[in-house]
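Reading the structure
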Amino acid sequence: DPANPYGAALAWPAAPHAASGHRPGRKVGATVVLVDGALVLFIERGGKTVLSFAHDDAVALDTAITALIDGVRRHLVGPLRIEVIDGVDVGGAVDAESAAGHLALALESRGFLRSPRGLVLR
């Protein structure tokens, strides 16, 4: 959404996954999911990398996942094959206690399918 305020009027929020080398940015094809104006998910173009910003807010994360799934099903967002969440490869086993693992499990429980290359939603 070109009207996304982050990276233009607002600074990108600090993220615990900054050491992963992935950073959000105003890039063509990237998707942001906002809940009540707060950044919850940043999906890089192509959907392979996701950065999460609401680790401590289960309601916001659930709302963001619902919106993301709705966007894919309504063809507002293309099909997704998420390979990396917060710098963690989700193609194999993930630590369910980590933020990336928690998000991966939440996506699976909501309809994403696990494949050897990541989590898929068409």
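The text that follows walks through the structure, step by step, so that each part is easy to find. On a predicted model such as this, the values are computed, not experimentally measured, just so you know.

Remarks on the nonpolar core
In this structure, Leu41, Ile82, Ile85 and Phe112 are the most contacted members of the largest nonpolar core, which totals 27 residues. Filtering out sequence-adjacent residues up to four positions away, Ile85 remains in contact with Val50, Val90, Ala100, Leu103, Ala104, Leu107 and Leu119. Listed in part, the seven residues of the second largest apolar core include Tyr6, Ala30, Leu39 and Phe42.

Focus on the pairing of strand S8 (residues 118-121)
In this sheet, S8 lies alongside strand S4 (residues 80-82) in antiparallel orientation, the contact comprising three bridges. Bridging across to S8, Ile82 finds its partner in Leu119. Between strand S7 (residues 113-115) and S8, which pair antiparallel in sequence order, lie two residues.

Remarks on the sheet that holds strand S2 (residues 38-43)
Across the sheet, five strands lie side by side as S1-S2-S3-S5-S6; this open sheet has mixed pairing. Both outer strands of the open sheet, strand S1 (31-35) and strand S6 (88-89), are each paired with one neighbouring strand and no more. In this structure, S1 lies alongside S2, joined through five bridges in antiparallel fashion. Paired with Leu34 across the bridge in S2 is Leu39. Lying over the sheet, helix H1 (residues 58-73) contacts S1 and S2, oriented at roughly 45° with respect to S2.

Let's talk about the pattern of salt bridges
Side chains carrying opposite charge are able to pair once their charged atoms draw close together. Considering all chains together, one arrives at four salt bridges under this definition. A salt bridge links Asp70 to Arg74, with the shortest nitrogen-to-oxygen separation between them at 3.2 Å. What makes Arg74 exposed here is its relative accessible area of 53%. Glu108 is the salt-bridge partner of Arg114, the closest N and O atoms lying 3.0 Å from each other. Residue Arg114 is classed as partly exposed on the basis of its relative accessible area, which comes to 34%.

About the cut-offs
Residue indices follow the written sequence of each chain, beginning from 1 at its first position. Local features are withheld for residues below a pLDDT of 70 in this predicted model, meaning they are given only at 70 or higher, and side-chain atom pairs are given and counted only at 80 or more; totals for whole chains, interfaces and linings count all residues. Only hydrogens and water are set aside; all other atoms, that is, all heavy atoms of the structure, feed into the side-chain values. Take the buried residues of types Ala, Val, Leu, Ile, Met, Phe, Trp, Tyr and Cys, join any two whose side-chain atoms come within 4.5 Å, and each joined set is a nonpolar core. Relative accessibility decides the category of a residue: with a 1.4 Å probe and only protein chains considered, values under 20% of the type maximum give buried, values over 50% give exposed, and everything between is partly exposed. Any two residues having at least one pair of non-hydrogen atoms within 4.5 Å are treated as being in contact. Here, any two strands with at least 2 DSSP bridges between them count as paired. The way it works is that DSSP assigns letters per residue, a run of H or I at least four long becomes a helix, a run of E at least two long becomes a strand, and they are numbered from the N terminus. To get an axis, fit a line to the C-alpha atoms, keeping to the stretch in contact for a helix; angles then go from 0 to 180 degrees between the N-to-C directions. Any Lys or Arg side-chain nitrogen found within 4 Å of a carboxyl oxygen on Asp or Glu counts as a salt bridge.

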